[in-house]
Amino acid sequence: TCSKDPQSILLDSNFCYLDVRTQEEWDQGHRDNAIHWPLQRIENGEFPVLPEGKNSWHVYCKSGLRAAKAVQLLKSTRKPIQEVHFLVESKHEHRFAVAKP
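Residues numbered from 1 in each chain as written. Predicted model: local features only at pLDDT ≥ 70, side-chain atom pairs only at ≥ 80, totals over all residues. Heavy atoms only, no water.

S.K.: What's the story with the packing of aromatic side chains in this structure? I'm lost.
M.R.: For any pair of aromatic rings, the description consists of the separation of the ring centres together with the inter-plane angle of the planes. Here the structure, examined in full by the defined rule, presents 2 aromatic pairs. On the numbers, 5.0 Å between centres and 80° between planes, the contact of F15 with Y17 is edge-to-face. With relative accessibility at 11%, the residue F15 sits in the buried group. Relative accessible area serves as the criterion here: at 7%, Y17 is assigned to the buried category. Residues Y17 and Y60 carry aromatic rings whose centres are separated by 6.0 Å and whose planes lie at 90° to one another, so their mutual orientation is edge-to-face. Here Y17, found in strand β1 (residues 15-19), pairs with Y60, found in strand β4 (residues 56-61); they are 43 residues apart in sequence, far enough to count as distant. Neither Y17 nor Y60 differs from the other in exposure class; each is buried. Site record: aromatic cluster; members linked through ring pairs are F15, Y17 and Y60. (Phe/Tyr/Trp six-rings, centres within 6.5 Å; stacked < 30°, edge-to-face > 60°. Buried < 20%, exposed > 50% of the residue type's maximum accessible area, 1.4 Å probe, protein only. Helix = DSSP H or I, 4+ residues; strand = E, 2+ residues; numbered from the N terminus.)

Note that every value here comes from positions in space, so none of it alone points to a role or purpose.
Right under this line is the structure:
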């Protein structure tokens with residue numbers, strides 16, 4: 001759990017978006033600069049690596065259920081993850097540009 005207030009988390013530029021939705025959902029549109037890493041990969045023990053200069057993941061999916069599960073799994077690893085947050089796409093979608101292929 002993060003001690004920062006939600007607004008400061010959203011304004012922090014040292015995070016990376018992690019989209020845990022399916023390929024089909026990703027192809028319909030996603031946050032600009034997000035990394036696509038479906039939940040199934042995390043469940044199979046394949047964990048993403050934070051890009052250099054980033055210190056936290058902001059994990060999202062459509063409803064928040066897969067993101068919450070991904071956050072739980074990411075936090076259970078021994079990987080150097082400083083912070084992991086989950087976002088519900090529908091609640092924050094209007095604040096961010098969504099890239100479409």
